[in-house]
Amino acid sequence: MSSTLSGRTVLVTGATSGIGFEAARMLAESGACVLLHGRTPEEARAAADRLIATAGIDGALLHPLAADFSRLAEVENMAHAVVRSHPLLHALVNNAAMAAPERHTLTTDGNEIAFQVNFLAHYLLTNLLEPALTGDPGGRVVNVSSSLHRTGAIQWNDPQRIRRYARLAAYAQSQLALTVFAAEPRVTAVSVNPGICETGLLPLYGHEGAPAAEGAAHVVRLCDPATEIVNGAYYDRGRRVAPAPAATEDRTVKRLNKLADLLVGHTA
């Protein structure tokens, strides 16, 4: 396990199951202090307890946090709490994700739910954590994306997909947005397709997947300061490859930031 991760502070969103849970385990095993995000305080606490019980992780390395990403106010509260308690954050893993539901669903904030949970909440969180991420030495953001971002299109005139909704298209839009967001120059960020793994999202891709730990290993490697990264790069598992063309266009990056600022109610 990497000694370069020892003593570093990493926040993992969606750390209660799947790739997020395995990434949290590997990071803590490497000696990193892990801020373990779950949807509710109970879920986050249970995940921490499970890591202590099953992986023998030192409880002092785990800090459970909670925010329901379908409520932006909760994301904001969590971000402020993190900045207060951990003014220096070495890495942020934007991993929490949901499959878009069968029926078109809007959050209380008025956003299509997959777009908000998978992208907008992470956009808001990353921007609010910027002071902690840009300390010395600068931290990095790892967006857990998916190969499906290639099939996505951002519906600029109808990002909430009110006029036409298809769950796979909504999910792909959220993943494309997350991948485009890695090219935002304010913080060092990359995105990674961890491969098709045995997680709650597996039904979107097929019937068989690799163990979640395999996907998590690719995520953890990108958190490691020993791994040199290029800002805005996209990795397919262990290899750096070109993302969908939209993800590297300056115009798209700027346009998405403008849209996201508007939708999360924050003006940069």
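Located above this text is the structure these notes cover.
How each quantity is defined
Residues numbered from 1 in each chain as written. Predicted model: local features only at pLDDT ≥ 70, side-chain atom pairs only at ≥ 80, totals over all residues. Heavy atoms only, no water. Helix = DSSP H or I, 4+ residues; strand = E, 2+ residues; numbered from the N terminus. Rg over C-alpha atoms; globule rule 2.2 N^0.38 Å. Buried < 20%, exposed > 50% of the residue type's maximum accessible area, 1.4 Å probe, protein only. Contact = heavy atoms within 4.5 Å. Areas by Shrake-Rupley, 256 points an atom, 1.4 Å probe, with all protein chains shown as cover. Core = buried A, V, L, I, M, F, W, Y, C linked by side-chain atoms within 4.5 Å. Pairing = 2+ DSSP bridges. Axes fitted to C-alpha atoms, helices over the stretch in contact; angles between N-to-C directions. Phe/Tyr/Trp six-rings, centres within 6.5 Å; stacked < 30°, edge-to-face > 60°. Lys NZ or Arg CZ within 6 Å of the ring centre and 35° of its normal. Right-handed = clockwise from strand over helix to strand, strands pointing away. Expected span 1.5 Å × (residues − 1). Arc of directions from axis to C-beta.

A look at the overall build of the chain
Next, step 1: The helix and strand tally for the chain stands at 8 helices and 8 strands.
Next, step 2: At 17 Å, the chain has a C-alpha radius of gyration in line with the 18 Å of a compact globule built from 268 residues.
Next, step 3: Taken along the three principal axes of its C-alpha coordinates, the chain extends 50 × 40 × 35 Å.
Next, step 4: With 268 residues in all, the chain has 54% of them scored as buried.
Next, step 5: Of the contacts formed within the chain by residues at least 6 apart in sequence, a portion of 75% connects residues at least 24 apart.
Next, step 6: Surface accessibility of the chain: about 11,400 Å² in total, with carbon and sulfur atoms responsible for 52%.

A look at the nonpolar core
Next, step 1: Counting residues in hydrophobic clusters, the biggest one holds 45 residues, and the most contacted among them are Leu-11, Phe-69, Val-82, Leu-89, Phe-119, Leu-125 and Leu-129.
Next, step 2: Where this core is concerned, the elements lending two or more residues are β2 (33-38), α3 (72-85), α4 (113-128), α5 (130-133), α6 (167-181) and α8 (250-264).
Next, step 3: Top contributing element to this core by residue count: α4, with 10 residues.
Next, step 4: Look past the residues within four positions of Phe-119 in its chain and what remains in contact with it is Ala-114, Ser-174, Ala-177, Leu-178, Phe-181, Leu-256 and Ala-260.
Next, step 5: Of all hydrophobic cores here, the second largest spans 35 residues; its members include Ala-48, Val-142, Cys-197 and Ala-233.

A look at the sheet that holds strand β7 (residues 234-236)
Next, step 1: The mixed open sheet is built from 8 strands, whose spatial order is β3-β2-β1-β4-β5-β6-β7-β8. The open sheet has two free edges, formed respectively by β3 (62-66) and β8 (239-241), since each of these has just one partner strand. Averaged over all adjacent pairs, the angle separating strand axes in this sheet is 25°, with direction ignored.
Next, step 2: Sheet topology places β7 next to β8; 3 bridges connect them, and they run antiparallel.

Quick notes on the packing of aromatic side chains
Next, step 1: Applying the stated criterion to the full structure yields 5 aromatic pairs.
Next, step 2: Judged by centre distance (5.0 Å) and plane angle (50°), the rings of Tyr-123 and Phe-181 are tilted. With Tyr-123 in helix α4 and Phe-181 in helix α6, this pair connects stretches of sequence that are 58 residues apart. Each member of the pair, Tyr-123 together with Phe-181, is buried.
Next, step 3: One aromatic cluster is present, formed by Phe-115, Phe-119, Tyr-123 and Phe-181 through successive ring pairs.
Next, step 4: Seen from the ring of Phe-21, Arg-50 lies directly overhead, with NZ or CZ sitting 4.0 Å from the centre.

Some details on the pairing of strand β6 (residues 188-193)
Next, step 1: Burial runs high along β6: 5 of the 6 residues are buried.
Next, step 2: Summarising the sheet, strand β5 (residues 140-144) and β6 pair through 5 bridges and their orientation is parallel. The residue bridging Val-144 from the neighbouring strand is Val-192, located in β6.
Next, step 3: Crossover β5 to β6 through α6 is right-handed.
Next, step 4: One ladder, built from 3 bridges, connects β6 with β7; its direction is parallel. When the sheet's bridge partners are listed, Asn-193 is paired in β7 with Asp-236.

Here's the deal with helix α7 (residues 212-223)
Next, step 1: Taking 1.5 Å per residue as the helical rise, α7 with its 12 residues ought to reach 16 Å, and the 17 Å between its terminal C-alpha atoms agrees with that figure.
Next, step 2: Those residues of α7 that sit buried are Ala-212, Gly-215, Ala-216, Val-219, Val-220, Leu-222 and Cys-223. In an axial view of α7, the angular spread of the buried residues amounts to 155°, which keeps them on one side of the axis.
Next, step 3: Here the buried face of α7 lies against β1 (9-12), α1 (18-29), β4 (91-94), β5, β6 and β7.

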